[in-house]
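One-letter residues, chain by chain:
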Amino acid sequence: MNAQNSSGSDPLYVIDGYGLIFRAYYAFMRTPIKTRDGVNASAVFGFFRVLLSLVKTYKPHYLAVALDSRTATFRDEIYAQYKANRQETPDDLKAQFPWVEEIMVALGLPLLRVNGFEADDLMATLARVCTEQQRPCVIVSADKDMLQLVRDGVSILRPSREGGFSEVGRQEVFEDKGVWPEQILDYLSLLGDASDNVPGVSGVGEKTAAKLLADFMTMDKIYQNLEQVQAKGVREKLAAGREAAILSRSLVTLRDDVPMPMACRDQEAANGIDWQCFHVASFNGMAAAQLLRKFDINQLASEMAAFWKTDSATNAAPRLDDSNDSAGSIAQSTKQSNTIEHSGPASYDPSQHSFVLVTREDEIKRWVSQAREAGVCCIDTETQGLDVHNDALCGISLCFAVGLAAYIPVRGPDGLVMPEKSYRELLRPLLEDRMMRFVGQNLKFDWQVLTAFGFKLPEPWFDTMIAAWLLDTNEGLYGMDHLAQKYLGYTAISFASLFADLPAKEAVTSEDFAFDSAPSKAASKKAPPRFSTLPLDKAAVYAAEDAEVTLRLQQALAPLLAKQKLEKLFFGTEMPLVSILAAMEWRGILLEGQRLRQYSLELDIRIRETEQEIHRLVGHPFNIASTKQLQQVLFVERKLTGSKRTKTGFSTDTSVLEELAAEDPVPAKILDYRSLTKLKSTYVDSLPLLINSQTQRLHTHFMQTGTATGRLSSKDPNLQNIPIKDEDGRRIRSAFVPAAGMCFVSADYSQIELVVLAHYARDPGLIAAFTGGVDVHTATAALIFGVNASEVDPAQRRAAKTINFGVMYGMSAFRLSRELGIPNRQAQAFIDAYFQTYSGIKEFIKKTVTAAETSGGVSTLLGRFRTVAGINSRNRNEKQAAERIAVNTPIQGTAADIVKTAMIRVDKALAKAGLKAQLILQVHDELILEVPLEEKDAVTVLLQEAMTGAITLDVPLKVSIESGMSWGAMH
């Protein structure tokens, strides 16, 4: 299918409709949400609460809801007992089905239902189409069957019971189930599913299924090698349950070829999906809210009305449904009521807060004076958008006492409120006061905004977003509104509600509702938020509240940091890093767009030549991006043997093609084709579009709160994922160049995670391998293979290197065998020899897991703590996944702490020495600086001293330093 009206870049979010409805109903089983007349409305309330949270959090451009068939499905024809033993759906839940659907229709949600198929099949079909058209797809579902869809570009969002969502990708599937997404189908086929009456193999549970697939990779290979299953009892169960397993696989296989109605207008979609059908242009929040209020769900109704206010009651998106049945009328089911919903968190009360607009010079001077006298002040900026180099400052909020905050505007609906020069002169005594302790939420953004406006600010003191992340690195939600609910029980004024009563021409999209978050790629594509169009008195309450709430959050979070002994890490490492990262983002890096555009033309030729070569080898043209056509070519025409099965046949993923490349030239060429097309679309064509028009440099965004281990990440663009091991990646990095008269200097920690492992394990052998002046992988190979270091061959060194790095990630013999291409037993022998050689590592792993079981988590050397869920689970797969996290986190987290400490030391050393060199990039364990040519030698010495002295370990830190006239010229 070919997309229409599609850029192919924005994800499609697909909601598992009835899965979410059932989940919402049972979430409130003990305390149902009821109307004044006693009607159960839990499913109605829960579904739309999750929907609103989804849209607020992820701001999807494309969205659909998949619904189950109203008739029997093909699975019922395969197996008459399918779902036969399911408990009868409660009547008070059944009654809510049509109500939820009617509200969805009123809101304008695109609904999909095809009789004969389950919602799962519709989601699988959309995932396939998205993959073929290189559009990301996000499935919103808690159904384990959906895990078989996870792959590059397809992920799962699981609604959590506490609110929010957990994101599930390939690694998360493995950590949860102990198998990879491509093995989920076989995993479920072996297990069966009692709730759906899918038989599975009797006596085979989660642990056994996971172990079997770890050993044999697929169910087909299990049965092909049944005599090699060591446990006799398991072998007998598998033999007896072969037919049941095959039947189960036919039931749990998701169909991805559902003939769905794909047009949303009067005409049929000529070439497949009309993406406009799923485009979230505008939802009719008023219509949905009116129906919600019939269930006394008033607070949620108000939130939805404010968030999705429209001027038309008829602009709802189309209903994509192949049946003519309509949902029952809510008006006939309940009585209208004005009863207020159950009381929730506190919200803005003018009698309890003084949020004021300050525009007179004397008033500003008074606020500045009082803030300086207080010594601690929360600041928050309001801007016209999220591009700190181009979007104007609207104003700044100040709060130095709970309940009292001011908004000082620089521009409003009538233009400038006061001359920008006067604004600077009035606020400079406060904002450039080196003795002030400034508090904020995502202060990195505010620092850049105020830098652009001409202020030279001191180092920020307390960032509530970072504090909340340190307290719980696993949560993933650190926006101010969420933190206010969590820690203060307070509902902040939503940005959307500010525009509820403004003319439609002033309305903003949901992309514009996040001023306390880092800039996003999606937001950068939209017109800037028109905050300055708000009346100043209305803007003042919203902006001042942000500052006041943030100050209260600081007062709530500070004692928690102290209680968890995180103050030193917070104030000594994370907070000093804020201004360093802000400066790095602000500087950006030069990118020669023309060089990449020329490279893009070369890639076009290589892609076309590769495509032609594939067609020549096959003997006819076909769509290489089509999974079905590729399956036909590889497994039917060329009669290759697939090693993995999916819902539509043999898999054509990268691992399969790599195996097949050994016996046929076509898979190897297809891998080349995929690599080239991905390289072109992801980097070569995309990066030049991100060059800032004002600075002519590319500005990535470094995320301090993006990982649970403490490592920095980058986005928009993600410069940490540019390929580094091949010439194509070097060509891309070569387009990153220093300014005239400067060069790049790169300082890279050598094998820092292995160094940290050696320190933790206190293993004499591993420490000696590092300190003996021999390559550590060669030394390891010599020890485990029992040869002299000079006799180690490349294959032995490769095996040792794989184990050295793999052991900290809990590498199994199965995985090692695949990576090295050796038998499973030989891989296990290598691992056994490794742990015999480095017994200290085995003891470290044991002690770390035991400590995690006792404390519920693990810490880095600098005190960073991470809770490890499932560490005491009785589920073997969950337990093993938790143990891998427990072992890896101290190593990777400590390495991250060292890199951050090094950045702080380097930044201070550069300033102390009066050098003009500047940090511009941090990529994993590497720092990259832009350095005047005359400073290169001095900076090299400085980096060596600052980085090797970041921390004292049993194994001295080593740093590799290079310089070059492009990023690609180094390494």
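Residues numbered from 1 in each chain as written. Predicted model: local features only at pLDDT ≥ 70, side-chain atom pairs only at ≥ 80, totals over all residues. Heavy atoms only, no water.

Trainee: Requested: an account of the packing of helix α18 (residues 464–471) against helix α21 (residues 536–563), with residues and values cited.
Mentor: The interhelical angle for the contact between α18 and α21, taken along N-to-C directions, is 35°, at an axis separation of 10 Å. Seen along the crossing, α18 lies across α21 with a hand that is left-handed. Listed contacts from α21 to T464, A467, A468, L470 and L471 of α18 are T550, L553, Q554, L557, L560 and L561. Counted by class, the contact of α18 with α21 contains eight nonpolar, three polar and no charged residues. (Axes fitted to C-alpha atoms, helices over the stretch in contact; angles between N-to-C directions. Helix = DSSP H or I, 4+ residues; strand = E, 2+ residues; numbered from the N terminus. Left-handed = near helix turned anticlockwise from the far one by under 90°. Contact = heavy atoms within 4.5 Å. Nonpolar A, V, L, I, M, F, W, Y, C, P; charged D, E, K, R; others polar.)

Trainee: Account for the pattern of salt bridges, naming residues and giving values.
Mentor: Overall, the coordinates contain 36 salt bridges when judged by the stated rule. Note that E853 is salt-bridged to K879, the shortest N-O span being 2.3 Å. Taken together, the positions of E853 in helix α34 (residues 839–855) and K879 in helix α35 (residues 876–913) put the pair 26 residues apart, joining distant regions of the chain. Judged by relative accessible area, which is 14%, K879 ranks as buried. (Salt bridge = Lys/Arg side-chain N within 4 Å of Asp/Glu carboxyl O. Buried < 20%, exposed > 50% of the residue type's maximum accessible area, 1.4 Å probe, protein only.)

Trainee: Could you give an account of the pairing of strand β1 (residues 12–16), with specific residues and numbers?
Mentor: Most of β1 sits out of view: five of its five residues are buried. Along β1, one buried face is formed by L12, V14 and D16 and the opposite face, lined by Y13 and I15, is buried too. Bridge count for β1 against strand β2 (residues 62–66) is five bridges, and the pairing is parallel. Among the inter-strand pairings, V14 is bridged to a residue of β2, identified as A64. Taken together, the four bridges between β1 and strand β4 (residues 137–140) define a ladder with parallel strand orientation. Counterpart to Y13 in the pairing with β4 is V138. (Pairing = 2+ DSSP bridges.)

Trainee: Which residues make up helix α1 (residues 17–27), and what values do they have?
Mentor: Within the span of α1, buried status applies to G17, Y18, L20, I21, A24 and Y25. Considered in projection along α1, the buried side chains sweep an arc of 160° and stay on one side of the axis. (Arc of directions from axis to C-beta.)

Trainee: Lay out the packing of aromatic side chains with the relevant residues and their values.
Mentor: Under the criterion given, the structure shown has 26 aromatic pairs. Ring geometry for W461 against F571: centres 5.8 Å apart, planes inclined by 25°, an arrangement best described as stacked. Of this pair, W461 sits in the loop between α17 (443–452) and β16 (462–463) while F571 sits in helix α22 (residues 567–587), and the two are 110 residues apart along the sequence. Here the aromatic rings of Y760 and F844 are separated by 5.4 Å at their centres, their planes lie at 25°, and the arrangement is stacked. Placement of the pair is Y760 in helix α28 (residues 752–761) and F844 in helix α34, with a sequence separation of 84 residues. The class for F844 is buried, based on a relative accessible area of 7%. Here the basic side chain of R135 rests over the ring of Y62, its NZ or CZ set 4.6 Å away from the ring centre. (Phe/Tyr/Trp six-rings, centres within 6.5 Å; stacked < 30°, edge-to-face > 60°. Lys NZ or Arg CZ within 6 Å of the ring centre and 35° of its normal.)

Trainee: Please set out α22 residue by residue, giving values where relevant.
Mentor: Here α22 is 21 residues long and its end C-alpha atoms lie 30 Å apart, about the 30 Å a rise of 1.5 Å per residue gives. The largest bend along α22 measures about 30° and falls at V578. Positioned one or two residues after α22, G588 has a phi angle of 70°, which is positive. (Expected span 1.5 Å × (residues − 1). Bend = angle between axes of the 7 residues up to and from the residue.)

Trainee: Give a description of the sheet that holds strand β9 (residues 354–357) that names residues and reports values.
Mentor: Here we have six strands laid out as an open sheet, ordered β9-β12-β11-β10-β15-β16, and mixed in their pairing. One side of each edge strand has no neighbouring strand; the edge strands of this open sheet are β9 and β16. Relative to strand β15 (residues 437–440), strand β10 (residues 376–383) runs parallel, the two sharing three bridges. Within β15, the position partnered with V376 by the bridge is R437.

Trainee: Provide a residue-level description of the sheet that holds strand β29 (residues 959–964), including the pertinent values.
Mentor: If you trace the four strands from one edge of the open sheet to the other, you get β27-β28-β24-β29, paired in antiparallel fashion. Sheet topology places β27 (918–923) and β29 at the edges, where each strand pairs with a single neighbour. With direction set aside, neighbouring strand axes in the sheet form an average angle of 20°. Pairing analysis gives five bridges linking β27 to strand β28 (residues 926–932), with the strands arranged antiparallel.

Trainee: Let's hear about the nonpolar core: which residues, and what values?
Mentor: One finds L687, Y749, V906 and W967 to be the most contacted residues of the largest nonpolar core, which totals 116 residues. Element by element, the count of residues in this core is highest for α35, at 13 residues. Discounting chain neighbours no more than four positions away, the residues touching W967 are L719, I722, R733, F736, F744, L921, V923, E926 and I928. Counting 77 residues, the second-largest nonpolar core is a separate cluster that includes C377, V388, A467 and A468. (Core = buried A, V, L, I, M, F, W, Y, C linked by side-chain atoms within 4.5 Å.)

Trainee: Any details on the side chain of Q384? Residues and values, ideally.
Mentor: By the element assignment, Q384 lies in the loop between β10 and β11 (393–401). A polar side-chain atom of Q384 sits 2.8 Å from a polar atom in the side chain of S532. (Polar contact = N/O pair within 3.5 Å; in protein donor to acceptor, adjacent residues only side chain to side chain.)

Trainee: So, the confidence of the model for the chain: which residues are in play, and what are the values?
Mentor: Averaged over all residues, the pLDDT of the chain is 84; the fraction at 70 or higher stands at 88%. Summarising per-element confidence for the chain, the mean pLDDT is lowest in helix α20 (residues 521–525) (33) and highest in β16 (98). Overall, residues 310–345 carries pLDDT values under 50, and its contacts beyond four positions in sequence, including any with other chains, amount to 86 contacts. (pLDDT = per-residue confidence, 0-100.)

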